[in-house]
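The lines below spell out each chain.
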Amino acid sequence: PAVMPPAVFSELPWQVALSQFDRLVSIGTRPDILSHLNLLASLLEAGEVSKAVEFLREARAAGFLDVWKPSRRSSDPPLLDLHLLGPVLPSVATLVVQEAILTILLRPSPPDDLIIVTGRGSNSRDGISWLQPAVREMLADELRLEVHPVPGNAGRLCVPKGALYELWSPHPLASSAK
């Protein structure tokens, strides 16, 4: 059977989208970031959050969906840049941020401030950021984390290290996390 183009993955039932994705891989095609994002959107739309998390972790391990931007100086806080995903649904962006926070909390050393680049909405059709309100709401309401805009940069949010530190605790698993 023919393989569907990746752009339609988000329009397919998640089982079909996952099957098509697996078929692409089996015939030697390396799916691009759009394929990954569309399949994630399909899984989340269907309420298959655990499958979406598993898929996201596999994609990150394979070098896709890496949203960590290297700091310019060692004193700069970690920068999670959602622009690196390209155009993405808020549900996908919030899942990526949740996974990033989990990664931070599993590190053996205490966390620094976390800066999240959501953008101001300059590239949105209506010029309004769709991601920032969704990410902010998830951080504040679901994770109960302190979050505020970065002064002088409306396209960035900051989760202070003190808020992350309350969730972080060194444990045996921390030493095996990257």
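Note that the coordinates shown come from a computational prediction; the quantities given were computed from them, not determined experimentally.

Some points on the confidence of the model for the protein chain
Point 1. Overall, the prediction assigns the protein chain a mean pLDDT of 82, with 83% of residues at 70 or greater.
Point 2. Between residues 1–5, whose pLDDT stays under 50, and residues either more than four places distant or in other chains, the model counts nine contacts.
Point 3. Across residues 173–178, confidence stays below pLDDT 50; counting only partners more than four residues off in sequence or on other chains, it has seven contacts.

Section: the packing of aromatic side chains
Point 1. Following the criterion strictly, the structure yields one aromatic pair and no others.
Point 2. Seen in terms of ring centroids, F21 and F55 are 5.0 Å apart; in terms of plane orientation they differ by 85°. Their pairing is edge-to-face. Taken together, the residues F21 in helix α1 (residues 14–26) and F55 in helix α3 (residues 49–61) connect sequence positions 34 residues apart.
Point 3. A residue is classified by how much of its surface remains accessible, and F21, at 7% relative accessible area, is buried.
Point 4. Given a relative accessible area of 7%, F55 falls into the buried group.
Point 5. Between R107 and the ring centre of W68, over which it is positioned, the NZ or CZ distance is 5.5 Å.

Things to note about the pairing of strand β3 (residues 114–117)
Sheet faces and side chains relate simply in a regular strand, where the side chains alternate between the two faces.
Point 1. In β3, alternate side chains face the same way, and those of L114 and I116 on one face and I115 and V117 on the other are all buried.
Point 2. Where strand β2 (residues 79–81) meets β3, three bridges bridge the pair, whose relative direction is parallel. Each residue of the ladder has a partner; that of L80, found in β3, is I116.
Point 3. Following the chain from β2 across helix α4 (residues 90–105) to the adjacent parallel β3, one finds a crossover that is right-handed.
Point 4. Bridge count between β3 and strand β5 (residues 153–159): four bridges; the pairing is antiparallel.

Description of the pairing of β5
Point 1. Relative to β5, strand β4 (residues 148–150) is paired through three bridges, and the arrangement is antiparallel. Its bridge partner lying in β5, P149 is registered against L157.
Point 2. Between β4 and β5, which pair antiparallel one after the other, the connecting turn spans two residues, and G152 there sits at a positive phi close to 85°.

Let's talk about the pattern of salt bridges
As a working rule, side chains carrying opposite charge can pair if their charged atoms are close by.
Point 1. Evaluated as defined, the whole model comprises two salt bridges.
Point 2. In this structure, R57 and E99 form a salt bridge, with 2.9 Å as the shortest nitrogen-oxygen distance. Here E99 lies in helix α4 and R57 lies in helix α3, a separation of 42 residues in the sequence.
Point 3. Judged by relative accessible area, which is 42%, R57 ranks as partly exposed.
Point 4. Taking the relative accessible area as the measure of exposure, E99 reaches 8% and is therefore buried.
Point 5. The closest approach of N and O atoms between K69 and D81, which form a salt bridge, is 3.3 Å.

Rules behind the numbers
Residues numbered from 1 in each chain as written. Predicted model: local features only at pLDDT ≥ 70, side-chain atom pairs only at ≥ 80, totals over all residues. Heavy atoms only, no water. pLDDT = per-residue confidence, 0-100. Contact = heavy atoms within 4.5 Å. Phe/Tyr/Trp six-rings, centres within 6.5 Å; stacked < 30°, edge-to-face > 60°. Helix = DSSP H or I, 4+ residues; strand = E, 2+ residues; numbered from the N terminus. Buried < 20%, exposed > 50% of the residue type's maximum accessible area, 1.4 Å probe, protein only. Lys NZ or Arg CZ within 6 Å of the ring centre and 35° of its normal. Pairing = 2+ DSSP bridges. Right-handed = clockwise from strand over helix to strand, strands pointing away. Salt bridge = Lys/Arg side-chain N within 4 Å of Asp/Glu carboxyl O.

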